[in-house]
Amino acid sequence: MAANLDGAEGDDPRALREALAEATLQLKQEQRRTASLAEELRTSKQRSLEAQKHLEEEEESIMNRLMKRLEALQREKQELQRKVQSEEEQLREGESQLASVTREKQDLQRQLALEQEYVVNKLEKKLNELNLEKQKLGKYKVDLENQLEQEQEQIVNKLQKKADKYLEEKLQLVKEKTELRDKVGDLQQHVAKLSSDKVILENQLEQEEESIVNKLQRQLEEVIHQNKVLERKVGQLGGR
């Protein structure tokens, strides 16, 4: 445009007016272009502000959701801790019950030993009494043989009575021995049942403990996985 004006200096006024009109037209075009660029710049700034505001609101919403999730995880963690404490308490109670059963078994074993000792002593006493009675009978038999010729019938009658009494006592002893044997058998069966119950209880406790450990392990792995997911999300938000 300056070249056109310089070239028009030596021409007539008409050429000068045409050059001025052309320059004015170009100036208006530049002004309109500048105004359009200014409007576009203002619009871009407005959009940028709105986008920044929307981003801040989105970040705040995400942070709120993360905080709520963290609070929920903390509550779940506390609940898990309470459950673990409850399971541990139940395990301690099971151990206490097992110790009680063990003490009862030991008491029964001591009682059985005492009863067996009592039975053995009683049988030994009976046997000693029988031996003494037998010795007495032997001595009495010798005495009777010395008097056999004079008192044969009387001696036979007395011996028969003694034999009947001895047989009755022997039958009674056999009956008592059988009853004692049955009682000892019952006690042994009871002890065997207690031993079986103890094994069953130990197996149940072991299975429950394994189930509790597996359940806690799965819950712990889930919490660790969720924490890692949250850490990645927080790291992504921080990277933005």
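What you are looking at is a predicted structure, and each value in this text was computed from that prediction instead of being measured. (Residues numbered from 1 in each chain as written. Predicted model: local features only at pLDDT ≥ 70, side-chain atom pairs only at ≥ 80, totals over all residues. Heavy atoms only, no water.)

### Some words on the pattern of salt bridges
For the structure shown, the criterion picks out seven salt bridges. Here Arg 42 and Glu 39 are joined by a salt bridge, their closest N and O atoms 2.4 Å apart. Here Arg 42 pairs with Glu 39, and both are found in helix α2 (residues 13-146), just three residues apart, close to one helical turn. Of the residues examined, Glu 39 reaches a relative accessible area of 39% and is grouped as partly exposed. Across the pair Arg 110 and Asp 107 runs a salt bridge, and its minimum N-O distance is 2.1 Å. Taken together, the residues span about one helical turn, with Arg 110 and Asp 107 both in helix α2 at a distance of three residues. According to the relative accessible area criterion, Arg 110 is partly exposed, its value standing at 48%. (Salt bridge = Lys/Arg side-chain N within 4 Å of Asp/Glu carboxyl O. Helix = DSSP H or I, 4+ residues; strand = E, 2+ residues; numbered from the N terminus. Buried < 20%, exposed > 50% of the residue type's maximum accessible area, 1.4 Å probe, protein only.)

### Thoughts on the layout of surface pockets
Where empty space is left in the structure can be found by rolling a water-sized probe over the atoms. Taken as a whole, the largest pocket encloses approximately 180 Å³ of empty space. Every residue along the wall of the largest pocket is listed here: Leu 123, Lys 126, Leu 127, Leu 130, Tyr 166, Lys 170, Leu 173, Val 174 and Lys 177. Of all the elements in the fold, those that place two or more residues in the lining of the largest pocket are α2 and α3 (148-239). Among the elements that take part in the lining of the largest pocket, α3 stands out by supplying five residues, more than any other. Per-class residue counts for the lining of the largest pocket are six nonpolar, no polar and three charged. (1 Å grid on protein atoms, 1.4 Å probe; cavity = no way out; pocket = protein on both sides within 12 Å on 5 of 7 lines; lining within 4 Å. Points joined across faces, edges and corners; volume = space filled by probe spheres on them. Nonpolar A, V, L, I, M, F, W, Y, C, P; charged D, E, K, R; others polar.)

### Observations concerning the confidence of the model for the chain
Per-residue pLDDT for the chain has a mean of 80; in total, 90% of the residues score no lower than 70. For the chain, per-element mean pLDDT is lowest for helix α1 (residues 2-7), which scores 44, and highest for α2, which scores 82. Contacts from residues 1-11, a stretch scored under 50 in pLDDT, to residues over four places away or in other chains number nine contacts. (pLDDT = per-residue confidence, 0-100. Contact = heavy atoms within 4.5 Å.)

### Examining a negative patch on the surface
A surface patch of negative charge is lined by Glu 56, Glu 57, Glu 58, Glu 59 and Glu 60. Mapped onto the elements, Glu 60 comes out in helix α2. (Patch = residues over 30% accessible without salt bridge, like charges linked within 9 Å, V, L, I, M, F, W, Y side chains within 5 Å. Areas by Shrake-Rupley, 256 points an atom, 1.4 Å probe, with all protein chains shown as cover. Lys, Arg positive; Asp, Glu negative; His and termini not counted. Charge placed at Lys NZ, Arg CZ, Asp CG, Glu CD.)

### Comments concerning the nonpolar core
In this structure, Ile 62, Leu 66, Leu 73, Leu 230 and Leu 237 together form the largest nonpolar core, which totals five residues. When residues of this core are traced back to their parent elements, those giving at least two are α2 and α3. A per-element tally of this core places α2 first, with three residues. Once you skip the residues sitting within four places of it in the chain, Leu 237 turns out to touch Ile 62 and Leu 66. (Core = buried A, V, L, I, M, F, W, Y, C linked by side-chain atoms within 4.5 Å.)

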